Structures are given as structure tokens and as C-alpha cells.
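These are the residues of each chain, in order.
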Amino acid sequence: MKRGLILALIAALLLSLMPAALGEEISYVGTVTGGSLHMRKEPTPSGKVLATYKSGTEVDILENDGIWCKVQKGNKTGYMMAQYLTITANYPHLGWGKTPADGALINVHQRPDGESLILYKGISGGAFELVALENHWYKVRIGNQFGYLPVDLITPFEGEFTLGYSPSAASPINAADLKSALREIGNPRTMSRSDGLFTYSFTWPDLGLAAADQAMSKWVQDTLDLFETDHQAHHAQQAAHCQMEYQALKVDDAHQSVLLLAEYTVDRLTVQRMFALNVNAETGEILIGKQLFTAFDQVFLSLESALSGLMGIPCDGYTGKADASWLEYAILTREGLACYLPAGLCLPPALGTQRLLIPWDQIASSVSFHSPLVSKYIRTIDPTKPMIALTFDDGPSEHTERILNVLKEYGGKATFCVQGMNVEKYADVVRRAVAEGHEIASHTWNHKKLTEVSASTVRSQLQRTNDIVKEVTGGYEIRVLRPPYGSTNKSVRNICAEMNMVIAHWKVDTLDWDTRSTSKTYRAIIRGAENGVIVLCHDLYSSTAAAIEQAVPELVEKGYQLVTVSELLSFHKDGAQPGTVYAYLDPENIRTE
Ligand code: NI
């Protein structure tokens, strides 16, 4: 082949690549971390190695599916594993903005011009990352794409911003998934149109329950209106199809749940709209979103921990704090609460619609309805039977989880008197303890003897610890102080009273910190076991963890209920008084009725 022809071919090839390359902005940079990394020709571990780059090398990222990044380095283009790249966005991050949650459609445009191409369609209420403000338009990011929204549609909000989620662990939910979903109750109703540019096929259930059926019919009609109006206004010359599918479950003898999902596709753009409904078939009562619960801390904590399971491999995205809007599309299932998080509303748009399942045992005490599926997990303490409060000071540590494991197995609860300075390092342990119903108490920030420091130091030792626990758990309020060395005085008691905290001493001292002996610690617990006692241990030692593994089954076998300090004191006939020291609950003071 002649050189001229080859050059012409190369030029033609380059030109054919140009439009894509020119139109794209390089928005992400990946830095090779933790050793050298291959660039492969194909996105598979057996792909041909094109080059190998040292730790610290920066590459431009062209595409990222969460597992493989298509990257460019100099004149080489290939694939690298996303998990070995630290990915940073190469554009300004102005913050996050939300669109008003009025149920309307949001069109993200290619240019700051309402007549320009629509790049993305979403339901209002969604969160967008803001990267620039140009005249009266915000430039926003959706996954690896940029677009524009009018300024008056955006309300900036404070969200936590992190880089990292894994689309691979999180295949988005779509209408096709629901088409094959369980339909245990109701008679299917259908509505469709197959001629013209705007076509649709809807199926949804008739439950034979007036209020529920009415609510669904109204939603079906609103959905049709919304999409038809959008089609007329923005895509009248293009073919568009709207599909609606559903899941309908019999949850228990009384409860039924339905999820409706409508998906509208025009010009390769898809937008989803959902409706979730839970109904008591015996009373006709409808429960939607927040109405399913009487308390939310535990529910939000569980949602956030389920979400962290979805996030992983470095990618773009953010994690927000769970709030009531996350429950809007929650349905009851036999396994737990299924929360559908719509694309772009609670999670980054690029993650699509996701489903988080929260098992009933995690949230049983927060639900507002009665169901045998849930009530078997509701904790009941019988004050006519003996109670013991095990407490663990100075942690958390690497041994705390062993103690949590045995308590979980035997259904016992305990109190972990943490030093504030350890909490960040063991944040997962603290969250797990709270999620499993244990109590977190304060053992000061760094083990200060409170009788030997100023009042302001006492205050800051307590406040800092309360604050860090509240932060890592998303709202947990400490109500108990275990003062180091058991040292208190009037000033400490007054400060605790102001801060609404009781002071817990102990009746049984295992001396585990001194003996470091599994058998001695175990014997101290079993010998000291008596109704109403508070037992002092330290979750710093493997010898203590081993002693607890022996003692817990035995205490349960003997009929003791393992309770937290606050649970124990809640049975005090005079109530637990903030600022008061309790070493045990005298059985004579137990309120049994
Ligand atoms: Ni201590």
C-alpha cells in the first residue's frame, strides 16, 4: 500500500473519531494506586496488555462502567480496572441542587437554551451536581454527562459528597423487571393505545378495595396525562411509548402491597414514575411512606447501611442522608421493607432506580402497624423476670464484635460505654451495635477523671463524645454516662442533669482488666448474677470476649433477660433521674405493672 493512501486512511479514521472526541470534555482523571496497572485492549482480565503504568500515573477517563474505565494516556487508548484507579472529577463542584418535587417532568438540555436537544428526562424532586452557572442556567452533571437546567428550577442544598458507587452491584430496576414480578392479588386491569406516535400499554391491579383502587386509578390517569403532555410539548414528531407494570403481594392475612412503575421512552430517553401502596384489606386503611412508621432513626440508619452495600468501587456519585422521601416508594414484603429509590431522587441519576430491602428484625420496633411477620421481632422485657445489664467500658475495640455476635445469637442487649476518641475508628462497630438494639453510653472522650478537671472540661468531654456518636450513627442520643474510675462529684452530677444523662456505676466488678483471665471473668459474672445488677466489663481484651461467649448462654439459660442500662432503669418505679448515680436497680424498686 502506498504511503499516501495509508496517511489518507489514517486521516479518514481520525476524522471519523473526531466528532465524538471533540464534543466530549475530559471530565475525569484517574490516578493509578497501589502498584502498577495494566492498560488492556479489551475490558476483560484476559485482554491484551497494551502498556503498564506505575502507581501515581494519571490517565484521562473517557468512559466508566464502574468496573472498567476506558482510558487515554498520550496516544494510547485502552481499559483499566476502575477499582485500581483513584478517580477525581476534573471540573468545579459548586454543590448539589434539587428540583421542586411537584411531580412534573424535568428536561435537561444540551445547551443553555430551552429549544436545544433534551439529554435527560427525570421526575422533579431529583438531585443534580452543579458544576457551573451560566446566565440563567445551571450546568449540571448526570453520570458522565453534562447538561443545563434553568436556574429557577434549582434549589441548592447541602448534601454529603463522596466519590464512590458501584453500578455493577446495583443493576437498575426497570419496567421489564416488574412485568415478571409476583402478582399474588388483584385482577389485572389494562389500558392501551397502539396507533400514532404516542403509544402506551398499562397494566395495574384491581384489588376490590375502594380507596386503594381509586388512588391507583387516579395515579394511572395522572401518569398518562403527564407523559402525553410532555410528548406534545417536546417530542410531538417522535415516536414515544409508555409502559406500566406492577407487583402485587399478599404480605400477611391482612396486609397487601402494590408497586406500580410506569416507564416512558422517547428518542432513547427514559423516565420512570412509581407509585407504592400498602393496604390493610380488613380495614381498607392505606399506609404510604412515613405512615408505615412511628419512629424513624432506626429506619434511616438501616437504609443508609443497606445503601453502603451498593456503593463501593470508585466512581462518580454521592451519598445523601436518608430522610422521609426515601420511604415514599416503600412496600411491605414478607422478607422486610422494600424501598424503591427512584433514579436521580435519592441517588445519583446514573445509578438508576434501586431497591433496598430492610429485614423486619432491624426495624420491628418502629413500625406503625401490626403484623405477625414483624411482631415476632419486637423486643419485650418482662419486669417480673430477672434482668441483668452487662456493660463494656473503654472501647470499642477489635474485640467488640465478638461480644456483639454472641449477644445477637442469644437475643441479649448490652451497654457499650465508649471513649469518644475511639468512635471514628470503630464507626462500623458503633453503627452495628445501635442497629442491633444495644445502648451506647459515654465513657468521656479520652478517659478523663472528671473529679480532677474543670467544669468546662467535663462539659466538653461529654459533649464531644455525644456529638461523635450522634454523627456516625445518624442521630443516636447518648443518655448514660459511665464516669472513668466511677469518679463523680456534685458538679459532674449537675452537668449530667443539664445534659439529660444518668450516671451508671456497677454492682458487679469483674476485674477483667486486671486478671485478663477468661475463667475468672466468667466466674465473676456468674457469681454476681442477680436481678437488677449492672456488671462492669471491658471490651478491650480477648479474654473478656471469651468469658462473655461462655457467660451469655448460661445467663439466658438461667432465665436472665440481658438488658441495657436504660432498659433496666426504665423499670424504676420513680423513673430514671438525670444527674443521679445508679449502680443497680433494687428489685424492690422495680415497677412490675
Ligand atoms: Ni475505663
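Each remark here, short or long, concerns the structure printed above.
Residues numbered from 1 in each chain as written. Predicted model: local features only at pLDDT ≥ 70, side-chain atom pairs only at ≥ 80, totals over all residues. Heavy atoms only, no water.

Engineer: Describe the coordination of the nickel ion, listing the residues and the values that go with them.
Structural biologist: Note on the nickel ion: its protein donors are Asp394 (OD), His443 (NE2) and His447 (NE2). The metal-donor distances range over 2.1 Å. Mapped onto the polypeptide sequence, the residues donating to the nickel ion form the spacing pattern D-x48-H-x3-H. Taken together, the residues span a long stretch of sequence, with Asp394 in the loop between strand 24 (387-393) and helix 7 (400-410) and His443 in the loop between strand 26 (439-442) and helix 10 (455-473) at a distance of 49 residues. With a relative accessible area of 12%, Asp394 lands in the buried category. (Donors = N, O, S within 2.8 Å, 3.2 Å for Na, K, Ca; no water. Helix = DSSP H or I, 4+ residues; strand = E, 2+ residues; numbered from the N terminus. Buried < 20%, exposed > 50% of the residue type's maximum accessible area, 1.4 Å probe, protein only.)

Engineer: So, the nonpolar core: which residues are in play, and what are the values?
Structural biologist: In terms of nonpolar packing, the biggest core is built from 51 residues, with Ile388, Leu390, Phe416, Ile440 and Leu462 touching the most fellow members. In terms of residue count, the dominant contributor to this core is helix 14 (residues 542-557) (6 residues). Judged by nonpolar contacts, the second largest core, of 42 residues, contains Leu259, Phe293, Trp360 and Leu373. (Core = buried A, V, L, I, M, F, W, Y, C linked by side-chain atoms within 4.5 Å.)

Engineer: Could you give me a rundown of the sheet that holds strand 21 (residues 330-332), with the residues and numbers involved?
Structural biologist: With antiparallel pairing, 3 strands are arranged side by side in an open sheet as 21-22-23. Only two strands of the sheet have a single partner each, and these edge strands are strand 21 and strand 23 (354-359). Mean inter-strand twist for the sheet, computed between neighbouring axes without regard to direction, equals 25°. Taken together, the 6 bridges between strand 22 (residues 336-341) and strand 23 define a ladder with antiparallel strand orientation. Of the residues in strand 23, the one forming a bridge with Tyr340 is Arg355. (Pairing = 2+ DSSP bridges. Axes fitted to C-alpha atoms, helices over the stretch in contact; angles between N-to-C directions.)

Engineer: Describe helix 7, naming the residues involved and giving the relevant values.
Structural biologist: Considered for burial, the residues of helix 7 that qualify are Thr400, Ile403, Leu404, Val406 and Leu407. Where helix 7 is buried, its residues contact strand 24, strand 25 (415-418), helix 9 (427-435), helix 14 and strand 31 (561-562). Just downstream of helix 7 lies Gly411, where phi reads positive at about 70°. (Contact = heavy atoms within 4.5 Å.)

Engineer: A description of the pattern of salt bridges should follow, citing residues and the corresponding values.
Structural biologist: Tallied over the entire structure, the rule returns 20 salt bridges. Arg193 is paired through a salt bridge with Glu228; the nearest N and O atoms lie 3.7 Å apart. One end of the pair, Arg193, is in strand 15 (residues 187-193); the other, Glu228, is in helix 3 (residues 210-234), and 35 residues separate them in sequence. Residue class for Arg193 comes out partly exposed when judged on its relative accessible area of 31%. Judged by relative accessible area, which is 25%, Glu228 ranks as partly exposed. (Salt bridge = Lys/Arg side-chain N within 4 Å of Asp/Glu carboxyl O.)

Engineer: Provide a residue-level description of the packing of helix 10 against helix 11 (residues 490-498), including the pertinent values.
Structural biologist: Interhelical geometry of helix 10 versus helix 11 gives an angle of 45° and a closest axis separation of 10 Å. Considered as vectors, helix 10 and helix 11 are oriented oblique to each other. When you trace helix 10 past helix 11, the crossing you get is right-handed. Residues Ala455, Val458, Arg459 and Leu462 of helix 10 form the contact with helix 11, whose own contacting residues are Ser491, Val492, Ile495, Cys496 and Glu498. For the contact of helix 10 with helix 11, the class distribution of residues is 6 nonpolar, 1 polar and 2 charged. (Parallel < 35°, antiparallel > 145°, perpendicular 65-115°, else oblique. Left-handed = near helix turned anticlockwise from the far one by under 90°. Nonpolar A, V, L, I, M, F, W, Y, C, P; charged D, E, K, R; others polar.)

Engineer: Please provide a residue-by-residue account of unusual backbone geometry, values included.
Structural biologist: The omega torsion across Gly395 and Pro396 is -5°, close enough to zero to call that bond cis. Assignment of secondary structure puts Pro396 in the loop between strand 24 and helix 7. At His447, a position not held by glycine, the phi torsion is positive, near 65°. Mapped onto the elements of the fold, His447 is located in the loop between strand 26 and helix 10. For His447, a relative accessible area of 21% puts it in the partly exposed group. Although it is not a glycine, Arg516 adopts a positive phi angle of roughly 50°. By the secondary structure assignment, Arg516 is in the loop between helix 12 (512-515) and helix 13 (518-528).

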